[in-house]
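Secondary and tertiary structure notes
This is what each chain is made of:
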Amino acid sequence: MFDQTTGPRVLLKNLREAMAEPLGPQERLDRIVQQIAAAMDAQVCSVYVRRADDVLELFGTYGLKAEAVHQSQLRVGQGLVGTIATAGRPLNLADAEKHPAFAYLPETGEELYKSFLGVPMKRAGRPLGVLVVQTTETKVFDELEVEALETAAMVLSDLVASGDFKGLAQQGTQLDQSGPLSQTGIRLASGIGVGEVVLHEPRVVVEHLFGDDAQVEQNRLAKAVRNVRASVDEMLTRNIDRTEGNSTDDHIEVLESYRMFANDRGWVRRIEEAISQGLTAEAATEKVSQENRSRLLRSSDPYLRERLTDLDDLSRRLMKELIGDTGNPAAEGKNFVIVARTMGAAELLDYDSDYLRGLIVEEAAATSHVVIVARALGIAVVGQLPGFVARAENGDRVIVDGDDGSAHLRPADEVNENYVERVKFRAKREARFDALRDLPAATTDGVNIDLLLNAGLTMDLAQLEHTGAAGIGLFRTELQFMIASRLPRLAEQKEFYKSVIDAAGDKPVTFRILDVGGDKVLPYLHPVKEDNPALGWRAIRFAIDRPGLLRMQIRALLKAADGRRLKIKLPMITAVTEFDQVKAIIDKEVKAQARFGHTLPSEILLGSMIEVPSLLFQLDELMQRADFVSVGSNDLFQFMAASDRTNSYLSNRYNPLSRPFLRALREIVRAADRHSTPLQLCGELAGDPLSALALLGIGYRAISMPPASIGPVKELVRSLELATVSQTVNAALDEPIGGRTITEMLTDFADQHGIPL
Ligand code: PEP
Ligand code: MG
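The structure presented is a predicted model; accordingly, all values stated were derived computationally and were not measured.

Turning our eyes to something else, we now look at the overall build of the protein chain. On a plain count of helices and strands, the protein chain comes out with 26 helices and 22 strands. Here the C-alpha atoms of the protein chain give a radius of gyration of 30 Å, agreeing with the 27 Å that 2.2 N^0.38 yields for 757 residues. Along the first, second and third principal axes, the C-alpha atoms of the protein chain reach 85 × 60 × 50 Å. A burial count over the protein chain gives 53% of its 757 residues as buried.

As structure tokens, this is what we get:
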């Protein structure tokens, strides 16, 4: 029977002795598995080591047939062992055969055994193998037994990482996972970035597992915990001071939950217990942190799962107290690429953008905040590369290709050479676009097209000059709010808007009223949990219900304009009556400012975005009311196609360059013409040359796009005769659906007429 009080300590003591003895690697491994089996009261203990080719190979066993060693192999994801390696969590089964993933390996003789407990072997987050115990009886192992096996797995991981098992590997197989790795995910921002890896979440490597004196370790822990608590308290006080008077109670609530974790007795007590079993304070912290991870990842409560980030951060702080700063060695003076599991927009701005060349982020979608900021920085971004972080090491060479969505870690020579060519090719293209900067964006038959920028951050402003854009067609004011940790004050908002208007000089700027909600969540402002946030309490709906915030933003814009022209547009209008409601609030604010004797803008133009399909059936009413309208193609398409814009499974399913969507866009042009209401279109669609060709064809004359698209679209505009394009596109739209697609027709048309795409 597993002794609950002395079991873990005795096991750790025995393992420590086995590690210290002058044994050969196989002998040592055999001794270790035997000791684990004995301590756990199990008939079998086996170690599967993960090879570089992602195969888990049996390296040592007590209880299974000896001839199975090095013969039994499972791919990651295959069988129970492979499942544990993929999920990174234990499997604890009373009867292994009943599990759907069970894969029978006849050479092992495992049919004699029923219960199965397997835990992942990890070191500093890297998956290195799986440790398993089995018994002849059907039983579920209790929590303390699971923890004891996890501790043993830590010790074994240390052995694997130290290279002790290298000599045991069969000829032709490699354990070392430091070879080249190429993976393809999704394209998030175009461009090619080459540099050294900088891991966003630094990997903490615990050097000393076994503590010599438990009391010394307990004292080290107590001191570190005191310091972490004090720093969390300090952070909380600072935030309360800073946000006083603002509606940020929810932000404080988040921080309070953080403090609750820091003071959680259970968390610290479990670390103390691990120390008393013989671990150092840092090894104990790592062990408990791994346990918390697997426990919270299993939880179906999304709130608890989210709190994992808080707990991870607290563990990192504690580790920093115990073993010193493990901060990022942001390669000074060298080009670098950030590799992260997840990342916030503000965190990206903490890096030195002079040398930042790219970003690889395992969990992100095209409209994630961090991606929007990365685009503004002009760096290449690739996402959804599971397991990439675990294989990367600080200082490794990496290439991130935002044009085809691939990333190459420690690339082989041929890959490197190929990229040298591609970078040269891109540089030539850039030079061609630069040469167009001061030339008009006019078609060969003399029609001027307004090519405008989508912007939202200070660093975007330089792009006005750099690209030669005619103005800013979409200024996403929420970005300032997204990168702040609290609500920007009136004066801060005003200063920011003023700097935008100043930088634009004579060029027009269209500010969009705060568009929060959907995927743009501000924890301190908009904390509600919604089942369908894209269809939820967002943008203008939120502004109407919280008019104080809207009024503050209007005041800031009025002051910033300081007698100049002000253009504002409203996001996510669903009914024209909402437009009226917001206009009334704005008019009231303007009158109030006038009463106080403040200088008003020379002219105020209030526009509406068209992002919700219901507006397509109120076009005449809308055109009469609004000073201008602006199509938000990202949202309008997502709602028309009922297709979540952030969902990568759907990203290629429906095509905006198709008859239904383009016909709807053409109706908007016709309505705008009927009422002589100025019209523009913003969103990612206008930045794709082929789509821009279609938009020009159906009558759009002002299109707003990401900065990197201005050059290619200007080249396209200058090469085409608009009359022919209009005729071709309109005729194509009138054809019945089911024949040649618009994409095929336009690609052929561009080929025949020498239009660069
Ligand atoms: C849009 O929806 O097309 C748009 C421009 O707004 P955003 O992408 O910021 O939602
Ligand atoms: Mg939108």
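The next point concerns the domain arrangement of the protein chain. Here the domain parsing of the protein chain yields domain 1 (7–168), domain 2 (181–202 + 329–428), domain 3 (214–323) and domain 4 (436–753). Taking only C-alpha atoms into account, the centre of domain 1 sits 36 Å from that of domain 2. Contacts between the two partners involve five residues from domain 1 and, on the opposite side, four residues from domain 2. Three residues, A52, D54 and R126, lead the burial of domain 1 against domain 2; their summed loss comes to 84% of the area buried on that side. Between domain 1 and domain 2 we count one salt bridge in total. Note that R391 is salt-bridged to D54, the shortest N-O span being 3.8 Å. One can count zero residue pairs in polar contact (both at pLDDT 80 or more) joining domain 1 with domain 2. Grouping the amino acids of the side of domain 1 that touches domain 2 by side-chain chemistry returns two nonpolar, one polar and two charged.

The next thing to look at is the coordination of the magnesium ion (ligand 2). Looking at the magnesium ion (ligand 2), the protein donor atoms are E611 (OE) and D635 (OD), and they sit 2.0 Å from it. One end of the pair, E611, is in the loop between β19 (603–610) and α20 (619–625); the other, D635, is in helix α21 (residues 633–640), and 24 residues separate them in sequence. Exposure remark for E611: the relative accessible area of 2% places this residue in the buried category. Judged by its relative accessible area of 3%, D635 falls in the buried class.

Attention now moves to the pairing of strand β18 (residues 565–570). Counting buried residues along β18, five of its six residues qualify, which places the element largely inside the surrounding structure. Pairing analysis gives three bridges linking strand β17 (residues 509–512) to β18, with the strands arranged parallel. Paired with T510 across the bridge in β18 is K567. Here β18 runs beside β19; their pairing, made up of six bridges, is parallel. Across the sheet, the residue bridging to L566 is I604, located in β19.

So, about the pattern of salt bridges. Throughout the structure, instances matching the rule amount to 39 salt bridges. A salt bridge links K334 to E196; the shortest N-O distance between them is 3.4 Å. Note that K334 is positioned in the loop between α9 (302–323) and β10 (336–340) and E196 in strand β9 (residues 192–199), a separation of 138 residues in sequence. Across the pair E684 and R375 runs a salt bridge, and its minimum N-O distance is 3.9 Å. Of the two residues, E684 sits in the loop between β21 (679–682) and α23 (689–697) while R375 sits in helix α11 (residues 369–377), which places them 309 residues apart along the sequence.

Inspection of the region around ligand 1 gives 14 residues, with R476, R512, K520, N634 and R645 positioned closest. A distance of 2.7 Å separates an oxygen atom of ligand 1 from a polar side-chain atom of R512. At 2.8 Å, a side-chain N or O of E611 approaches an oxygen atom of ligand 1. Those elements giving two or more residues to the shell around ligand 1 turn out to be β16 (472–476) and α21. With three residues, α21 is the largest single contributor of residues to the shell around ligand 1. Counted by class, the shell around ligand 1 contains three nonpolar, four polar and seven charged residues.

Covered by surrounding structure in strand β14 (residues 406–409) are S406 and H408 together with A407 and L409, the residues of both alternating faces. Where strand β7 (residues 181–184) meets β14, four bridges bridge the pair, whose relative direction is antiparallel. Note that in β14 the partner of S182 across the bridge is H408. Here strand β13 (residues 397–401) runs beside β14; their pairing, made up of four bridges, is antiparallel. For I399, the partnering residue across the bridge sits in β14 and is H408.

Take the sheet that holds β9 next. Strand order in the open sheet made by the eight strands is β7-β14-β13-β9-β10-β11-β12-β8, with mixed pairing throughout. The sheet is open, and its two edges are formed by β7 and β8 (186–189), each paired on a single side. Strand-to-strand twist across the sheet, computed as the mean angle between neighbouring axes with direction ignored, equals 25°. Docked against the sheet, helix α13 (residues 413–436) engages β9, β13 and β14, running at close to 45° with respect to β13.

Here we take up the nonpolar core. Here is a general trend for soluble globular proteins: nonpolar side chains tend to be buried in one another's company. Ranked by internal contacts, the top residues of the largest apolar core, which has 122 residues, are L665, I668, Y700 and I703. Residue assignment places this core across two domains, with domain 2 (181–202 + 329–428) and domain 4 (436–753) each supplying three or more. Not counting residues up to four positions away in its chain, the partners in contact with Y700 are V631, L665, I668, V669, L679, Q680, L681 and L695. The next biggest cluster of nonpolar side chains, apart from the first, holds 61 residues, and it includes L11, V133, F141 and L149.

Now for the packing of helix α25 (residues 722–734) against helix α26 (residues 742–752). Interhelical geometry of α25 versus α26 gives an angle of 155° and a closest axis separation of 11 Å. As the angle between them shows, α25 and α26 are arranged roughly antiparallel. As for the relative orientation of α25 and α26, their crossing is right-handed in sense. Residues T724, V725, T728, V729, A732 and L733 of α25 touch α26, and the partners they reach there are I742, M745, L746 and F749. Its residues placed into classes, the contact of α25 with α26 shows eight nonpolar, two polar and no charged.

Cut-offs used in this document
- Residues numbered from 1 in each chain as written.
- Chains lettered and ligands numbered in written order.
- Predicted model: local features only at pLDDT ≥ 70, side-chain atom pairs only at ≥ 80, totals over all residues.
- Heavy atoms only, no water.
- Helix = DSSP H or I, 4+ residues; strand = E, 2+ residues; numbered from the N terminus.
- Rg over C-alpha atoms; globule rule 2.2 N^0.38 Å.
- Buried < 20%, exposed > 50% of the residue type's maximum accessible area, 1.4 Å probe, protein only.
- Domains from an automatic or database assignment.
- Contact = heavy atoms within 4.5 Å.
- Buried area = accessible area lost by both parts, 1.4 Å probe.
- Salt bridge = Lys/Arg side-chain N within 4 Å of Asp/Glu carboxyl O.
- Polar contact = N/O pair within 3.5 Å; in protein donor to acceptor, adjacent residues only side chain to side chain.
- Nonpolar A, V, L, I, M, F, W, Y, C, P; charged D, E, K, R; others polar.
- Donors = N, O, S within 2.8 Å, 3.2 Å for Na, K, Ca; no water.
- Pairing = 2+ DSSP bridges.
- Near = heavy atom within 4 Å.
- Axes fitted to C-alpha atoms, helices over the stretch in contact; angles between N-to-C directions.
- Core = buried A, V, L, I, M, F, W, Y, C linked by side-chain atoms within 4.5 Å.
- Parallel < 35°, antiparallel > 145°, perpendicular 65-115°, else oblique.
- Left-handed = near helix turned anticlockwise from the far one by under 90°.

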